[in-house]
Amino acid sequence: MKYVAPSSVEEATSLLSTSPSAQVFAGATDVVPQLRAGRPAPEVLVDLKKIEELVSVANDGDKWTVGAATPTANLTEDEAFSEEFPGLAEAAGLIGSDQIQNRSSLGGNLCNGSPAADSVPAMVVNGARAVVAGPNGTRVLDVAEVVTGPGQLALEADEFIVEFEIDRIPARTGDAYLRMIPRTEMDIAVVGAGARVTLAEDGSIEQAALALAAVAPTCVRVPDAEAALVGKTANDEILSAVAAAASEACDPIDDKRGTVAYRRQVAGVLAKRAVLIAIERAEQRNGTN
Amino acid sequence: MARTHVTTVVNGDETEFLTEDSTSLLNALRDEVGLTGAKEGCGTGDCGACSVMVDDKVTCACLVFAPEVDGSTILTVEGLADSGELHPLQQCFLEGAALQCGICTPGFLISAKALLDRNPDPTETEIRYALAGNLCRCTGYDKIIRAVQEAAREMRGQ
Ligand SMILES: Cc1cc2nc3c(=O)[nH]c(=O)nc-3n(C[C@H](O)[C@H](O)[C@H](O)COP(=O)(O)OP(=O)(O)OC[C@H]3O[C@@H](n4cnc5c(N)ncnc54)[C@H](O)[C@@H]3O)c2cc1C
Ligand code: FES
Ligand code: FES
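Quick notes on the rules
Residues numbered from 1 in each chain as written. Chains lettered and ligands numbered in written order. Predicted model: local features only at pLDDT ≥ 70, side-chain atom pairs only at ≥ 80, totals over all residues. Heavy atoms only, no water. Helix = DSSP H or I, 4+ residues; strand = E, 2+ residues; numbered from the N terminus. Rg over C-alpha atoms; globule rule 2.2 N^0.38 Å. Patch = residues over 30% accessible without salt bridge, like charges linked within 9 Å, V, L, I, M, F, W, Y side chains within 5 Å. Areas by Shrake-Rupley, 256 points an atom, 1.4 Å probe, with all protein chains shown as cover. Salt bridge = Lys/Arg side-chain N within 4 Å of Asp/Glu carboxyl O. Buried < 20%, exposed > 50% of the residue type's maximum accessible area, 1.4 Å probe, protein only. Polar contact = N/O pair within 3.5 Å; in protein donor to acceptor, adjacent residues only side chain to side chain. Near = heavy atom within 4 Å. Nonpolar A, V, L, I, M, F, W, Y, C, P; charged D, E, K, R; others polar. Contact = heavy atoms within 4.5 Å. Buried area = accessible area lost by both parts, 1.4 Å probe. Domains from an automatic or database assignment. Phe/Tyr/Trp six-rings, centres within 6.5 Å; stacked < 30°, edge-to-face > 60°.

Caption draft 1: Quick peek at the overall build of chain B. Helices and strands together make up the secondary structure of chain B, namely five helices and five strands. Seen in sequence order, chain B has helices and strands lined up from the N terminus as β-β-α-β-β-β-α-α-α-α. Compactness check: chain B gives a C-alpha radius of gyration of 16 Å against a globular reference of 15 Å for 158 residues, within 12% of the reference. Counting only C-alpha atoms, chain B reaches 50 × 30 × 25 Å along its principal axes.

Structure representation (structure tokens):
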């Protein structure tokens, strides 16, 4: 296995197109445990962290741009970003320990393709887009389209994610992410729920997005819950409909972390709570951002 | 296989070593540089026994490929003491019996140092979160938490 650290996106894409068994990495917090578990090593490991735009967090007034290899600690320590997207910052901040946070990236969390990846529902509800570089230039995919199954991506072998774009949060909008794990730190989600709500001037819900982690082969949106919320003000009846839709959207597995029935039930509870937090935050952000 | 030449500053000293690209920073430190303070408990990022600082950020040396640190500055537990004088964290761990077998201790000391560098007056909860990536099978953690609190107090001059 050969280690290379290109200093530009072009250099990285040309490395990937000329070496068929090359693999990109950022923090290696998924890659190393997988190699240790016996996954075949690539011939070339391409370190993305020495490319400037891959390790930066910027705001151009219209949108945030987060380099795909940026350590999640840099994101959660960015006060302006965390204030605008507390849900996404919390989700990113749940990944592992401080040691892991100083290495783990949003690009790696997404492209590892785990259904339990914490940052993914939070990126999805915020409409995050992935800027993908390949031999023929760049293309833009919705984050929700990137993972097609466990460990399966809509990227070609010679493509990688350069950065994520997230539009500035509109007025009266809030996001939230909650996860259930058997302990408070250092475990993988049994269920994760990301929500985002935009309120109309009269306080009713104008837009809603809900996405779940760890309950299906990929992160899933819950359109029935979103439809139940839009045009309404949250009350017990509507929140019960949200919970029922979330449980219904699950296609979970039985494993040591939780049974199918448990995951379904917890998905409903977390969905409801995440929506409530998002509404509360939207109310607080009554003016502009 | 050709070995890669890596130049770093380890514990204040310019250090060069040769390594295979697939070698972890942990194994390079232990086998090439001769610093065996950082330990391998799991090799997969779970236990924190291998914690070191790379460019002032605490990280698991078992998850870093050795060639990545070319040009970086590294601090291991061997670099904590200052000309033979133990770091307050080390002294408080000793006095507070915050270790038994000692395997986890180098990692805890580095994580605790990383915490106190950015937050000289952490609450107990903040200490517990900051040390959540370090496992100890012996002490039950309480004595470790107390030792960090005591060291923080001393370092603040209280
Ligand atoms: C102790 C421990 C605790 C953890 N806890 C959590 C947790 O609580 N929640 C959670 O979600 N995860 C957790 N993880 C998993 C892991 O830390 C995260 O998924 C992390 O975000 C991965 O990022 P990375 O940069 O380290 O990825 P890497 O290991 O570098 O890469 C992961 C995969 O993505 C690919 N890849 C990386 N970057 C790109 C890119 N820009 N474009 C295309 N492909 C790319 C790589 O080829 C590889 O297949 C944990 C891991 C450990 C070791
Ligand atoms: S040996 Fe690195 S975390 Fe356990
Ligand atoms: S003292 Fe033995 S593992 Fe911590």
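Let's pick the thread back up.
Caption draft 2: Local environment of a nonpolar patch on the surface. Residue and element names in this part refer to chain B. There is a patch of nonpolar side chains on the surface, built from Leu-86, Leu-94 and Leu-99 and spanning about 240 Å² of accessible area. Tracing the sequence through the fold places Leu-94 in helix H2 (residues 88-95). Among the residues examined, Leu-94 registers a relative accessible area of 54% and is labelled exposed.

Caption draft 3: How the structure looks around the environment of Ser8(A). All names here are of chain A. For Ser-8, the position within the fold is in the loop between strand E1 (2-4) and helix H1 (9-18). For Ser-8, a relative accessible area of 22% corresponds to the partly exposed category. Considering only alpha carbons, one finds Ser-8 and Ala-225, 217 residues apart in sequence, at a separation of 43 Å. Separated by 3.1 Å, the side chain of Ser-8 and the backbone nitrogen of Glu-11 make a polar contact.

Caption draft 4: Structural view of the site of ligand 1. The immediate surroundings of ligand 1 are formed by 34 residues, with Val24(A), Thr29(A), Asp30(A), Ser105(A) and Asp118(A) found nearest. Near ligand 1, the surrounding residues belong to chains A and B. Here an oxygen atom of ligand 1 and a backbone polar atom of Val31(A) are 2.9 Å apart. Protein chains bury 93% of the 990 Å² of accessible surface belonging to ligand 1 in isolation. Going through the elements one at a time, strand E2 (22-25), helix H7 (106-111) and strand E10 (160-167) of chain A are the ones with two or more residues in the shell around ligand 1. The dominant element in the shell around ligand 1, judged by the number of residues it contributes, is H7(A), at four residues. When the residues that make up the shell around ligand 1 are grouped by side-chain class, the tally is 16 nonpolar, 12 polar and six charged.

Caption draft 5: Representation of the interface of chain B and chain A. Contacts between the two partners involve 28 residues from chain B, matched on the other side by 26 residues from chain A. Around 2,100 Å² of area is buried between chain B and chain A when both sides are counted, 55% of it from carbon and sulfur atoms. When residues of chain B are sorted by the area they lose upon contact with chain A, Leu63(B), Phe65(B) and Glu68(B) head the list and together hold 29% of the total. Our enumeration of links across chain B and chain A arrives at four salt bridges. The partner of Glu40(B) in a salt bridge is Arg36(A), with the nearest N and O atoms 2.8 Å apart. Listing elements by their share of the side of chain B that touches chain A, those giving two or more residues are strand E4 (57-60), helix H3 (105-118) and helix H4 (124-130) of chain B.

Caption draft 6: Up close: the domain arrangement of chain A. Residues and elements named next belong to chain A. According to the domain assignment, chain A contains domain 1 (50-167) and domain 2 (173-284). For domain 1 versus domain 2, the separation of C-alpha centres amounts to 21 Å. At the junction of the two partners, domain 1 supplies 23 residues and domain 2 supplies 23 residues. Where domain 1 abuts domain 2, roughly 1,800 Å² becomes buried across the two surfaces, and 60% of that area is made up of carbon and sulfur atoms.

Caption draft 7: A look at the packing of aromatic side chains. Summed over all chains, the structure comprises five aromatic pairs over all chains. Relative to Phe81(A), the ring of Trp64(A) lies with its centre 5.2 Å away and its plane at 90 degrees, an arrangement referred to as edge-to-face. Of this pair, Trp64(A) sits in strand E5 (residues 63-67) while Phe81(A) sits in helix H4 (residues 79-84), and the two are 17 residues apart along the sequence. Classification of Trp64(A) as buried rests on a relative accessible area of 3%. Residue class for Phe81(A) comes out buried when judged on its relative accessible area of 0%. Members of the aromatic cluster, connected to one another through ring pairs, are Tyr3(A), Phe25(A) and Phe65(B).

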